[in-house]
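Chain by chain, the residues:
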Amino acid sequence: MEVIRRLSQRFTPTPLAGKPINLYKTPQFLHSRTPIIQSQHKPILNPNRPFSSSTSRSPASWLSGFGMIKKITKLPRILQAGHPVLHEPAREVTVEEIGSDRVQKIIDDMVQVMRRRPGVGLAAPQIGIPLKIIVVEDLKEYIAEAPEEENIAQDRRPFDLLVILNPKLRKKSDKSAFFFEGCLSVGGYRALVERYLEVEVNGLGRDGKPIKVEACGWQARILQHECDHLEGTMYVDKMVKRTFRTVENVDLPLANGCPKQGVR
Ligand SMILES: [Zn+2]
């Protein structure tokens, strides 16, 4: 899942010393949850193309003498809405498959792809793998980019990387909240989505052992978003009508009759 940045945040002057950034020439900065501090050093990658690790972009010539050439690894691209694999249910990973090199590699790729964007969650179908695997993670530094009052309203707190295979999600209460949500597979857009506030997810870790995650607030939202992907459901399939908008317009007023953001 992509993370939301407020309009005010997106126009925050760069905290870095150096050349001022011309926002008109670098519109992608406005779409990124990543602070400018990171974008200056990491080119925004075209989500429609496969991309590779930074090592593949390094000139090999001057490294070769030092034996520093790393293995060039190509990461899978993030598929965008419309690709059939995003709109069909994924299948469970079998016990035999979990320890396989293939599944372990898929998990490693997913973590790298999520962190590279960066995002706070990714489901295997988003990289073209129709298996029930999700990775989620929310870091202090990501959260620090959002206004504190927003983090409080969303009950957003950091949590370490979770890899969950064959997750089964259930709500723990009927309490819900409406907030804008984005998706790495629907680049550039947001919509209001109602999600349960408290959920429990049972599944398997990458070692095949059972894990149980109890989550609330924003973490619960991320888990619901990613588990939906495994059923071929994207947030646009359950968004509140008439709230779909571009990232640039996320702070503009909602249409009459739309629910307000916040806990229900
Ligand atoms: Zn998504």
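Here the structure is a predicted model, which means the values were calculated and not measured.

Rules behind the numbers
- Residues numbered from 1 in each chain as written.
- Predicted model: local features only at pLDDT ≥ 70, side-chain atom pairs only at ≥ 80, totals over all residues.
- Heavy atoms only, no water.
- Donors = N, O, S within 2.8 Å, 3.2 Å for Na, K, Ca; no water.
- Helix = DSSP H or I, 4+ residues; strand = E, 2+ residues; numbered from the N terminus.
- Buried < 20%, exposed > 50% of the residue type's maximum accessible area, 1.4 Å probe, protein only.
- Pairing = 2+ DSSP bridges.
- Axes fitted to C-alpha atoms, helices over the stretch in contact; angles between N-to-C directions.
- Contact = heavy atoms within 4.5 Å.
- Salt bridge = Lys/Arg side-chain N within 4 Å of Asp/Glu carboxyl O.
- Expected span 1.5 Å × (residues − 1).
- Phe/Tyr/Trp six-rings, centres within 6.5 Å; stacked < 30°, edge-to-face > 60°.

## Describing the coordination of the zinc ion
- Surrounding the zinc ion are the protein donor atoms Cys183 (SG), His225 (NE2) and His229 (NE2), which sit 2.0 to 2.2 Å from the metal.
- For the zinc ion, the donor residues sit on a single chain with the sequence spacing C-x41-H-x3-H. With Cys183 in the loop between strand 6 (176-181) and strand 7 (189-196) and His225 in helix 10 (residues 217-230), the pair connects residues that are 42 residues apart, well separated along the chain. Each member of the pair, Cys183 together with His225, is buried.

## Here we look at the sheet that holds strand 4 (residues 133-138)
- Read across the sheet, 5 strands follow the order 3-4-5-8-9 without closing on themselves; strand pairing throughout is antiparallel. Edge strands, defined here as strands with exactly one partner in the open sheet, are strand 3 (121-123) and strand 9 (210-216). Within this sheet the neighbouring strands show an average axis-to-axis angle of 40 degrees, counted without direction.
- In the sheet, strand 5 (residues 159-171) pairs with strand 8 (residues 198-204) via 5 bridges, with the strands oriented antiparallel. Following the sheet pairing, Lys168 is matched in strand 8 by Asn202.
- Across the sheet, helix 10 lies against strand 3, strand 4, strand 5, strand 8 and strand 9, angled at about 155 degrees from strand 4, the strand it touches most.

## A word on the environment of Gly182
- Its location among the elements puts Gly182 in the loop between strand 6 and strand 7.
- Linking Gly182 and Leu192, residues 10 residues apart in sequence, is a C-alpha distance of 9.0 Å.

## Here we look at the pattern of salt bridges
- Tallied over the entire structure, the rule returns 19 salt bridges.
- Between Arg206 and Asp108 there is a salt bridge, with the nearest N and O atoms lying 2.9 Å from each other. Here the residue Arg206 occupies a position in the loop between strand 8 and strand 9, and Asp108 occupies one in helix 7 (residues 101-116), the gap between them amounting to 98 residues.
- Judged by its relative accessible area of 30%, Arg206 is partly exposed.
- Assessed through its relative accessible area of 35%, Asp108 is described here as partly exposed.
- In this structure, a network of salt bridges that share partners links the residues Glu181, Arg195, Arg221, Asp228 and Lys238.

## A few points about the sheet that holds strand 10 (residues 245-246)
- A sheet is described by the order of its strands in space; here 4 strands give the open sequence 10-7-6-11, paired in antiparallel fashion. The strands lining the two open edges of the sheet, one partner per strand, are strand 10 and strand 11 (262-263).

## Quick look at helix 10
- The terminal C-alpha atoms of helix 10, which comprises 14 residues, lie 21 Å apart, in line with the 20 Å expected from a rise of 1.5 Å per residue.
- The buried fraction of helix 10 is high, at 14 of 14 residues.
- Positioned one or two residues after helix 10, Gly232 has a phi angle of 75 degrees, which is positive.

## A few points about the packing of aromatic side chains
- For the structure on display, the rule yields 2 aromatic pairs.
- Seen in terms of ring centroids, Phe179 and Trp218 are 5.9 Å apart; in terms of plane orientation they differ by 70 degrees. Their pairing is edge-to-face. Placement of the pair is Phe179 in strand 6 and Trp218 in helix 10, with a sequence separation of 39 residues. A single burial state applies to Phe179 and to Trp218, both of which are buried.
- Relative to Phe244, the ring of Tyr189 lies with its centre 4.9 Å away and its plane at 15 degrees, an arrangement referred to as stacked. Taken together, the residues span a long stretch of sequence, with Tyr189 in strand 7 and Phe244 in the loop between helix 10 and strand 10 at a distance of 55 residues.
- Given a relative accessible area of 34%, Tyr189 falls into the partly exposed group.
- Note on Phe244: relative accessible area 38%, which makes it partly exposed.

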